[in-house]
Amino acid sequence: MRALLVTSVGVTCAAALTLPLAAPASSAPVLSSASARPPSLTTEPRTDTTDTTGTSGTTTSDTTAPDGAEPRAAKSAAEPAGSTQSLPLAPLAVPSNRVAGAPVVQGLPQRDARPFSLVGVVWDDAEAELHGTVQVRTRATGTTRWSDWQDVETHNADHAADLGSAEREGRTVRGATAPLWVGDSDGVEVRVRPESPATPESPGSQDRAATPVQLPEGMRLELVDPGEDPAPEPARGAPANRAAVPAVFADTPPTAALPEVLTAEIAAASAVNAEVAELGASVIPALTQAETVESVNLAPGAKPYIGPRPRIVTRKGWGADEKLRERNFGYTKSVKAAFVHHSATGNNYTCKQAPSVLRSIYRYHVKSSGWRDFGYNFAVDKCGNIYEGRAGGVTKAVLGAHTLGFNTNTMGIAVLGSYGSTNPPAAAVTAVSKLTAWKLGLFGANPKGKVTLVSGGSNKYRKGVKVKMNVISGHRDGFATECPGARLYKKLGTARTSSAKLQGR
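Residues numbered from 1 in each chain as written. Predicted model: local features only at pLDDT ≥ 70, side-chain atom pairs only at ≥ 80, totals over all residues. Heavy atoms only, no water.

### Observations concerning the overall build of the chain
Each helix and strand in the chain was counted, giving eight helices and 22 strands. When the 505 residues of the chain are sorted by exposure, 52% land in the buried category. Residue pairs in contact within the chain that sit at least 24 positions apart in sequence constitute 78% of those at least 6 positions apart. As presented, the chain carries roughly 22200 Å² of accessible surface, and 53% of it is formed by carbon and sulfur atoms. (Helix = DSSP H or I, 4+ residues; strand = E, 2+ residues; numbered from the N terminus. Buried < 20%, exposed > 50% of the residue type's maximum accessible area, 1.4 Å probe, protein only. Contact = heavy atoms within 4.5 Å. Areas by Shrake-Rupley, 256 points an atom, 1.4 Å probe, with all protein chains shown as cover.)

### A short note on the pattern of salt bridges
Going through the model one piece at a time under the given rule, you end up with nine salt bridges. Between Asp186 and Arg139 there is a salt bridge, with the nearest N and O atoms lying 2.9 Å from each other. With Asp186 in strand β10 (residues 180-194) and Arg139 in strand β7 (residues 132-140), this residue pair connects regions lying 47 residues apart in the sequence. Under the relative-accessibility criterion, Asp186 is labelled buried at 14%. Salt bridges here are not isolated pairs; linked through shared partners, they connect Arg315, Glu322, Arg325 and Asp373. (Salt bridge = Lys/Arg side-chain N within 4 Å of Asp/Glu carboxyl O.)

### A few points about the state of the cysteines
Overall, the coordinates contain one disulfide when judged by the stated rule. One disulfide in the model links Cys351 with Cys383; its S-S distance is 1.9 Å. One disulfide, between Cys351 and Cys383, carries an S-S torsion of 95 degrees and so falls in the right-handed class. Of this pair, Cys351 sits in the loop between β16 (337-342) and α5 (354-368) while Cys383 sits in the loop between β17 (378-380) and β18 (386-388), and the two are 32 residues apart along the sequence. (Disulfide = S-S within 2.5 Å.)

### Quick look at unusual backbone geometry
The peptide bond linking Cys483 to Pro484 adopts the cis configuration, its omega dihedral lying at 10 degrees. Here Pro484 shows up in the loop between β22 (472-474) and α7 (486-489). Even without being a glycine, Ala344 presents a positive backbone phi close to 60 degrees. Structurally, Ala344 can be placed in the loop between β16 and α5. Positive phi outside glycine occurs at Asn409, with the angle close to 60 degrees. For Asn409, a relative accessible area of 10% gives the class buried.

### A few points about the packing of helix α6 (residues 426-442) against helix α8 (residues 492-502)
Between α6 and α8, whose axes approach to 8 Å, the crossing angle comes to 45 degrees. One finds that α6 runs oblique with respect to α8. Crossing geometry of α6 relative to α8 is assigned as right-handed. Between α6, through Val429, Val432, Ser433, Lys434, Thr436 and Ala437, and α8, the contact on the second element is made entirely by Thr494, Ala495, Ser498, Ser499 and Leu502. (Axes fitted to C-alpha atoms, helices over the stretch in contact; angles between N-to-C directions. Parallel < 35°, antiparallel > 145°, perpendicular 65-115°, else oblique. Left-handed = near helix turned anticlockwise from the far one by under 90°.)

### Quick look at the sheet that holds β18
Taken together, the seven strands give an open sheet; going across it, the order is β13-β14-β18-β17-β19-β16-β22, and neighbouring strands pair in mixed fashion. Lying at the two open borders of the sheet, with one neighbouring strand each, are β13 (283-284) and β22. Bridge analysis of strand β14 (residues 312-313) against β18 gives two bridges, and the strand direction is parallel. Opposite Ile312, over in β18, you have Ile386 as the bridge partner. (Pairing = 2+ DSSP bridges.)

### Details of the packing of aromatic side chains
One pass over the structure, following the stated rule, counts five aromatic pairs. Ring geometry for Trp318 against Phe374: centres 5.9 Å apart, planes inclined by 50 degrees, an arrangement best described as tilted. Pair noted here: Trp318 is in helix α4 (residues 315-318) and Phe374 is in the loop between α5 and β17, with a separation of 56 residues, a long-range link. Here Trp318 matches Phe374 in class, with each residue buried. For the pair Phe339 and Phe406, a centre-to-centre distance of 6.1 Å together with 45 degrees between the ring planes defines the contact as tilted. In this pair, Phe339 is assigned in strand β16 and Phe406 in the loop between β18 and β19 (410-415), connecting sequence segments 67 residues apart. Of the two residues, Phe339 and Phe406, both sit in the buried class. Here the aromatic residues Trp318, Tyr362, Phe374 and Tyr376 are joined through ring pairs into a cluster of three or more. (Phe/Tyr/Trp six-rings, centres within 6.5 Å; stacked < 30°, edge-to-face > 60°.)

### Points about the side chain of Arg496
As for its position among the elements, Arg496 is in helix α8. There is no salt bridge for the buried Arg496, and the closest opposite charge comes from Asp477, which lies 4.8 Å off by N-O distance. Those residues in contact with Arg496, other than ones at most four positions away along the chain, are Pro447, Lys448, Asn470, Ile472 and Ser473. (Lys, Arg positive; Asp, Glu negative; His and termini not counted.)

### Observations regarding the pairing of strand β11 (residues 220-225)
Side-chain direction in a regular strand flips from residue to residue, so the side chains alternate between the two faces of the sheet. Most of β11 is tucked away, with five of its six residues classed as buried. Strand direction decides the pairing type here: strand β4 (residues 83-88) and β11, joined by six bridges, are antiparallel. When the bridges of β11 are listed, Pro88 appears paired with Arg220. Across five bridges, the pairing between strand β6 (residues 106-123) and β11 is antiparallel. Residue Leu118 lies in a different strand from β11, and its bridge partner there is Val224.

### Section: the nonpolar core
Of all hydrophobic cores here, the largest spans 41 residues; its most connected members are Phe378 and Ile413. Mapped onto this core, the elements with two or more residues apiece are β16, β17, β19, α6, β20 (450-454), β21 (466-470) and α8. In terms of residues, this core owes the most to one element, α6, which gives eight residues. In this structure, Phe378 is in contact with Ile312, Ile386, Tyr387, Glu388, Gly389, Val394, Met411, Gly412, Ile413, Ala414, Leu435 and Lys439, ignoring residues within four places of it in sequence. (Core = buried A, V, L, I, M, F, W, Y, C linked by side-chain atoms within 4.5 Å.)

### Focus: the pairing of β10
Summarising burial for β10: twelve of the 15 residues are buried, a large majority. In this structure, β6 lies alongside β10, joined through eight bridges in antiparallel fashion. Residue pairing across strands places Leu118 opposite Trp181, the latter belonging to β10.

### Concerning the confidence of the model for the chain
Mean pLDDT over the chain stands at 80; residues scoring 70 or higher make up 71%. Note on residues 62-77: pLDDT is under 50 here. Beyond four places in sequence and across chains, it has 27 contacts. In this model, residues 238-253 is a region of pLDDT below 50 whose contacts with residues beyond four sequence positions or in other chains number 15 contacts. (pLDDT = per-residue confidence, 0-100.)

Written as structure tokens, this is what we have:
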């Protein structure tokens, strides 16, 4: 189904400005406004350095550098800087004991790099699969300490826009591995090994060479620097029925707060949440059950099956660079189901680093993979914090790129981490329950119910097939994939029960 595209409002404004936007037809019931509170984010400044290694590669950022100079990411209070180093892979040196006909390994030998925190491998053809393994090792910034080899998830094509969609066909989309969070690093080594050739089993095959496995063309290593965390949000006013939370600074006399200047892109991404938060808010505050029910326009006598609205960190709160994404917002008609994913970025992150992880994934989705925006509608970290994902409004039916074949009329929730052999934290599962109880409730969906969806085409269901699924499903229910990991998938029954209970069912 074609997405309904709504042009975001481009204006330069201050925090006091209100942008009147008509809600699209795909909006949930209108909610009342509520004040925002500053998120608990730790600012850890990063220093940009110039790449002096002399090796080939490109760096993408939002500024133009003089000829011959490495681009430097622009810094501003409104949008944290970030950058991507893109390095072409090449055949590695052939060992002297290499067996004739063995696959050629591609990669990069140990090398220095400008600081980065997330890695991934991309290639030219989005339809091509990488049949092999990708491993990286990195050096912690400012040290001589190298990590062990880490595996990068290669089967990532199932996290994408639907085949034939405007996002898929109207852009230069690339094949890509899952991104891997490695923490602050300034050195890298990578190797990509093709699968062993398959030996023919037909008569006389012993006289023929094994079929060689080809790696995708145009493979590049992407090194992503998430940039700095956003500055803490100043205190804001609050409606009469909700007390403001004042900001307290040591040894600072009370003064009138200066309005925060927002870029046009930040203002547009924030304005679509005007029903639930002030313009420029970093957090959409939680509501009680009674406040949530009161905020939803229900038909007379209708029973409000909806969970309390949870606290949600906005895109501004986690520091999304709104200049990266496509300007327009894409919507679908409804939210009938939620697909739960794991990000497969590894579990070596702290909750204070979660905003940096999100900025890195966002940049990898847009700059490296060629998507229009962050793929998932929401994200959840290991501490249970909930984050706004793809822009368009948290109460609206925003079209994501999370479950190939089933992005229409659904939402995607990514739990940050890898949960194939690691149990997901209870706080993360609880957050999934809270988020789905509220968001599915806005559209009248029962978390313990079933729903029939029409496949847009995947490796599990051909295009046009009607599939009956759980309203809260795992990614693997719509696509033959390990996502969301066996351990997280086992917790979805608990999430369904808890979510329905929060709705009052």
